[in-house]
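What follows is each chain in one-letter form.
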Amino acid sequence: MQSKQEWDQEVDLVVLGAGPAGMTAALVAASLGLRPLLIEKTEQVGGTGATSAGTIWIPGNRPSRDAGFKDSEREGAVYMDALIGAPDSAGLRAAYLSSGPEMVDYLHTHSEVRFLPSGKHPDYRDLPGSAVFGRALYPQMFDARQLGADFERVRPPIPEFLLFGGMMAGKVDIPHLVGRFRSWRNFSHTARLVLRYLTDRLRYSRGTRLVMGNALIARLYLSLRKREVPVLFDACVTELVMDAGRVSGVLVQSQGKTLRVAAHKGVFLATGGFGRDPQLRQKLMPQPLAPYSIAAPGNTGDGIRLGLQAGARLDEDGQGPGAFWSPVSVTQRKDGSQGLYPHLLLDRAKPGLIAVNSAGKRFVNEACSYHDFVLAMYASHQKVPTMPAYLICEAGFVTKYGLGNVYPGTTDLGPAEESGYLVTAQTISQLAETLGIDQKALSDTVERYNALARDGKDLDFGKGDSELNRFNGDPDHGPNPCLAPIETGPFVALALWPAEIGTSAGLQTNLDAQLLDANGNVIEGLYAIGNDMASIMAGTYPGPGTTIGPAMTFAYRAVMHAAGKPVPVRQVGEDAPGGM
Ligand SMILES: Cc1cc2nc3c(=O)[nH]c(=O)nc-3n(C[C@H](O)[C@H](O)[C@H](O)COP(=O)(O)OP(=O)(O)OC[C@H]3O[C@@H](n4cnc5c(N)ncnc54)[C@H](O)[C@@H]3O)c2cc1C
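Rules of the game
- Residues numbered from 1 in each chain as written.
- Predicted model: local features only at pLDDT ≥ 70, side-chain atom pairs only at ≥ 80, totals over all residues.
- Helix = DSSP H or I, 4+ residues; strand = E, 2+ residues; numbered from the N terminus.
- Buried ≥ 20, exposed ≤ 12 C-beta atoms within 10 Å, placed from the backbone.
- Contact = placed C-beta atoms within 7 Å.
- Pairing = 2+ DSSP bridges.
- Right-handed = clockwise from strand over helix to strand, strands pointing away.
- Axes fitted to C-alpha atoms, helices over the stretch in contact; angles between N-to-C directions.
- Parallel < 35°, antiparallel > 145°, perpendicular 65-115°, else oblique.
- Nonpolar A, V, L, I, M, F, W, Y, C, P; charged D, E, K, R; others polar.

Colleague: Explain the overall build of the protein chain to me, please; I cannot follow it from the model alone.
Modeller: The secondary structure content of the protein chain amounts to 16 helices and 23 strands. Overall size of the protein chain, expressed as C-alpha extent along the three principal axes, is 75 × 55 × 50 Å. When burial is assessed residue by residue, the protein chain has 54% of its 580 residues classed as buried. A fraction of 74% describes how many contacts in the protein chain between residues 6 or more apart in sequence connect residues 24 or more apart.

Structure, rendered in structure tokens:
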């Protein structure tokens, strides 16, 4: 840690990390007339946010209310209390609920960022206060041609989420693509997407019609460009500079030089957490350690280390499983590299699929949230190896609904089998034998499940019972949209592993994301946002947008605080201030 010295550059805010948290912070700062410097370790903006769905979970948000959906911050508070349990002693939940809608309004007014109401998008648990409609927002589609050459600075989605090697498709596109030969409307929607994509490829390295997290990041980046916010790429902060107990600047390594940059109003740690850092993984994640991470490659815990060096406190106790989780399958990419397909919502809830452990037994409601699914893997693994777990279904299921990286409509499973992605067999016993699972145990499991499926009631794990289950099931299938027997071969298995989509253990902060030391005192001039900040969800995953919602909300609160305009925490239920 350095102390005061000559500066090479002086700004108001230094923001480390160009993910949703850091970009929001830099943008809000610029909108207030402050001079931010955004420092990004890699050559592109976006971090994990660029590969995400970009959904934000904001109870009581205005776009949903304007669209006629009824939700409130108060209901959000009831749900968070029911889910998280412990009292909101630090007040962080209240700060989030109070400022989330305000953050959305602020960005809509002051930037190119636009969120649309998701409409029906149930919370992940049916509990008091949970919502089925109007709580989640998704980024409006973005035409990346507006960025010109800067488009190359936007980190692309993972290849597993791209069609034809470069075309994005959002949730609204999927039904059209899957049913492209079922109606003229679907066909023309698909044809328009493909034509636009082919035209794009004449000039760009990938499609320019961006959706999900890529649209959010591109919108943030365009907003930053319009406000002429400098972004220092390929640069890394090695040290914080302290001056009379306050963080006053940073030392940055950039192009082989060390720059001394003063930050008059604060340094913001937004480096995305520790997903790519083996030591912090070992320390903060459950055992056995998940072998995979889908976090951005640059997320090596730098912000957390810098915070600790400044005397900040790591929240080790309050975060349960240390991360937000998803089951993933391991893909073999065309270039020979290994990829990960996150099983978020498209396959697990559909009728005619079960998940089993190495004993051939079901261990989870397959249609639960991705986070809860992995927690169940860990719980099962205490008793019997469940890493990997296996999804089991008919080949016909794969053709109809898709399975992981094998898209719906695929009739020839040969290539997926040859690459080792899927295992197929004519009978359940043969499938069990290939997987090294006791044949009778798996046959018994399938038989039991089939009996339950025929009755339409999963008495064992409740698949199809919750709003979320049914939302992701097949609405055309009854009586239970998530249950159908698995009886006609060939049968298919796919191995699933736990991987984190973001880390949740992080640095402890107050309501304005200022870091706290071991005595609970504020470290002046130092803020942590995004996954560098200890999650307010305490190891739970309430609904779609659980990480980016707080990342952007606390970025907003923190910058307002640094700017001398702290945002009061309204009692939930009080009216939001009007006219942003
Ligand atoms: C497939 C998938 C889908 C997801 N969908 C959603 C969703 O819909 N909603 C949701 O809420 N969450 C979602 N997530 C999780 C979400 O993307 C992350 O939690 C979120 O992006 C974290 O934001 P962040 O700004 O903290 O970090 P990141 O987005 O990871 O950005 C961190 C940035 O900091 C940079 N950096 C690292 N170290 C340094 C350093 N020393 N100096 C400068 N820069 C540095 C990194 O290179 C990176 O660009 C999803 C994740 C995945 C993988």
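Colleague: Looking at this model, I keep getting lost on the environment of F554. Mind explaining?
Modeller: Within the secondary structure layout, F554 lies in helix α16 (residues 548–562). By the C-beta count within 10 Å, which is 31 here, F554 ends up buried. Residues F554 and E152 lie 402 residues apart in sequence; the distance between their C-alpha atoms is 28 Å. Ignoring sequence-local partners within four residues, the contact set of F554 consists of A513, I529 and M533.

Colleague: In this structure, what is going on with the pairing of strand β2 (residues 9–16)? I would like to understand it.
Modeller: Each regular strand carries side chains that alternate between the two faces of the sheet. Here β2 lies mainly inside the structure; six of its eight residues are buried. Alignment of β2 against strand β14 (residues 257–269), held across seven bridges, turns out to be parallel. For V11, the partnering residue across the bridge sits in β14 and is A263. The sheet contact formed by β2 and strand β3 (residues 36–39) spans four bridges and is parallel. The residue of β3 that forms the bridge with L16 is I39. Handedness of the crossover joining β2 and β3 through helix α1 (residues 20–31): right-handed.

Colleague: Before we go on, may I ask you to explain the packing of helix α4 (residues 92–110) against α16 in this structure?
Modeller: In a pair of packed helices, the angle between the axes and the distance between the axes together describe the arrangement. Where α4 contacts α16, the axes come no closer than 8 Å and their chain directions differ by 85°. Overall, the two elements α4 and α16 adopt an arrangement that is roughly perpendicular. On α16, the residues touching A95, Y96, S99, G100, M103 and Y106 of α4 are G549, P550, M552, T553, Y556 and R557. Of the residues that constitute the contact of α4 with α16, the class distribution is seven nonpolar, four polar and one charged.

Colleague: Can you walk me through unusual backbone geometry in this structure?
Modeller: Generally, phi is negative for residues other than glycine and the peptide bonds are trans, each holding for most cases. Between M387 and the following residue, P388, the backbone shows a cis peptide bond with an omega angle of 10°. Residue position: P388 is located in the loop between α10 (370–381) and β19 (389–394). Cis rather than trans, the peptide bond between G478 and P479 has omega equal to 0°. Following the sequence through the fold, P479 ends up in the loop between α15 (467–472) and β21 (491–503).

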